[in-house]
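As a plain string of letters, each chain reads:
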Amino acid sequence: TPGQIYVKVLPAGEPVQLTRDATLKMAPAFSPDATRIAYTVMTPSSISWDTWVVPVLGGEARPWLPNASGLRWTGPQRLLFSEIKDGGIHMALVAATESRSDSRDVYIPESIRGMAHQSHLSPDGRSVIAIEMDNGGLGPCRLVPFEGSSRGKLVGPENGQCTHAVWAPDGRTMYFTSNASGSFQIWRQSFPDGRPEQLTFGP
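Definitions and cut-offs
- Residues numbered from 1 in each chain as written.
- Predicted model: local features only at pLDDT ≥ 70, side-chain atom pairs only at ≥ 80, totals over all residues.
- Heavy atoms only, no water.
- Core = buried A, V, L, I, M, F, W, Y, C linked by side-chain atoms within 4.5 Å.
- Buried < 20%, exposed > 50% of the residue type's maximum accessible area, 1.4 Å probe, protein only.
- Helix = DSSP H or I, 4+ residues; strand = E, 2+ residues; numbered from the N terminus.
- Contact = heavy atoms within 4.5 Å.
- Pairing = 2+ DSSP bridges.
- Polar contact = N/O pair within 3.5 Å; in protein donor to acceptor, adjacent residues only side chain to side chain.
- Phe/Tyr/Trp six-rings, centres within 6.5 Å; stacked < 30°, edge-to-face > 60°.
- Lys NZ or Arg CZ within 6 Å of the ring centre and 35° of its normal.
- Salt bridge = Lys/Arg side-chain N within 4 Å of Asp/Glu carboxyl O.

Novice: Which residues make up the nonpolar core, and what values do they have?
Specialist: Core analysis: the biggest nonpolar cluster contains 11 residues, these being A38, V53, W64, L65, A68, L71, W73, L79, F81, V94 and A96. Counting only elements with at least two residues in this core, the list comes to strand 6 (62-65), strand 7 (69-75), strand 8 (78-85) and strand 9 (90-97). Discounting residues that sit within four places of it in the chain, A96 has contacts with Q77, R78, L79, F81, S101, D102 and S103.

Have a look at this one:
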């Protein structure tokens, strides 16, 4: 959305506005040293998904990595993000350094219209939950190995759209939001081979 990014010191600090522009933003993420916030900017006219960065203590927001969205740090100077391939809409998960050196593919959707929009690395750094689309629609989430050795498998409810995912801190449980039950609810699944279980049932 064309909203703004704020930072707030917990528990009772005042929210401080960091961005002041009309760009379409999503997926803010702190750098490991907590000095920067990276976020995705989408430009509809060019179908461009880029990463911008803004200092946590205030300063000018600026473009950082073109053709990189849903960016997350996986360690000091190490990144996991989504990248458009072949100039179309085919979006893959890529691991690289902050300078984009040592780049490698983690997961490439089979369909040329497939888009792996966001990713969530497991606490042990070995597995990734991917949130993906095909032909413009969201599908179930996918679990893939971080080293990129296979296409992995579907996780969470297989008959719904998966919009968000997160790992439990111990890495033994995955959580998803899915509309498999007819409305968007929270589900959980034991890693790696548990059965999806619906947790919420209301609004």
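Novice: Quick one: what's the story with the sheet that holds strand 16 (residues 162-167), residue by residue and with numbers?
Specialist: Each strand in a sheet pairs with its neighbour through backbone hydrogen bonds, running either in the same direction (parallel) or in the opposite one (antiparallel). The sheet built from four strands is open, its strands ordered 16-17-18-19 with antiparallel pairing. Edge positions in the open sheet fall to strand 16 and strand 19 (197-198), since each of these has one partner strand only. Pairing geometry for strand 16 and strand 17 (residues 173-178), over five bridges, is antiparallel. Within strand 17, the residue paired with H164 across the bridge is T177.

Novice: So what about the side chain of K25? Which residues, and what values?
Specialist: Among the secondary structure elements, K25 is positioned in strand 3 (residues 24-30). In terms of polar contacts, K25 uses its side chain to reach the backbone carbonyl oxygen of G3, at 2.8 Å. Reaching out from K25, the side chain makes a polar contact with the backbone oxygen of T23 at a distance of 3.1 Å. Setting aside its immediate chain neighbours within four residues, K25 contacts T1, G3, Q4, I5, T19, Y39 and T40.

Novice: Before we move on, could you go through the pairing of strand 18 (residues 185-190) and cite the residues and values that matter?
Specialist: Only one face of strand 18 is covered, namely the face carrying Q185, W187 and Q189; the face carrying I186, R188 and S190 is uncovered. Of the strand pairs in this sheet, strand 17 and strand 18 are connected by six bridges, and their pairing is antiparallel. Its bridge partner lying in strand 18, S178 is registered against Q185. Bridge count for strand 18 against strand 19 is two bridges, and the pairing is antiparallel. Within strand 19, the position partnered with R188 by the bridge is E197. Joining the antiparallel neighbours strand 18 and strand 19 is a turn of six residues.

Novice: Report on the packing of aromatic side chains, specifying residues and quantitative values.
Specialist: On inspection of all chains with the given rule, the structure shows two aromatic pairs. Arranged with centres 5.8 Å apart and planes meeting at 20°, the rings of W64 and W73 form a pair that is stacked. Comparing W64 with W73 shows no difference in burial state: the two are buried. Measuring from centroid to centroid gives 5.3 Å for W167 and F191, while their planes differ by 65°, and the two rings are edge-to-face. Separated by 24 residues along the polypeptide, W167 in strand 16 and F191 in the loop between strand 18 and strand 19 bring together distant segments of the chain. Residue class for W167 comes out buried when judged on its relative accessible area of 10%. R36 extends its terminal NZ or CZ atom over the ring of W64, reaching a point 5.6 Å from the ring centre. R104 extends its terminal NZ or CZ atom over the ring of F146, reaching a point 4.6 Å from the ring centre.

Novice: Report on the pattern of salt bridges, specifying residues and quantitative values.
Specialist: Under the defined criterion, the tally for this structure stands at nine salt bridges. Salt-bridge contacts for K85 lead to E83; the nearest nitrogen and oxygen are separated by 2.9 Å. This pair shows no difference in class: K85 is buried, exactly as E83 is. In this structure, the salt-bridge partner of E197 is R188, at a minimum N-O distance of 3.0 Å.

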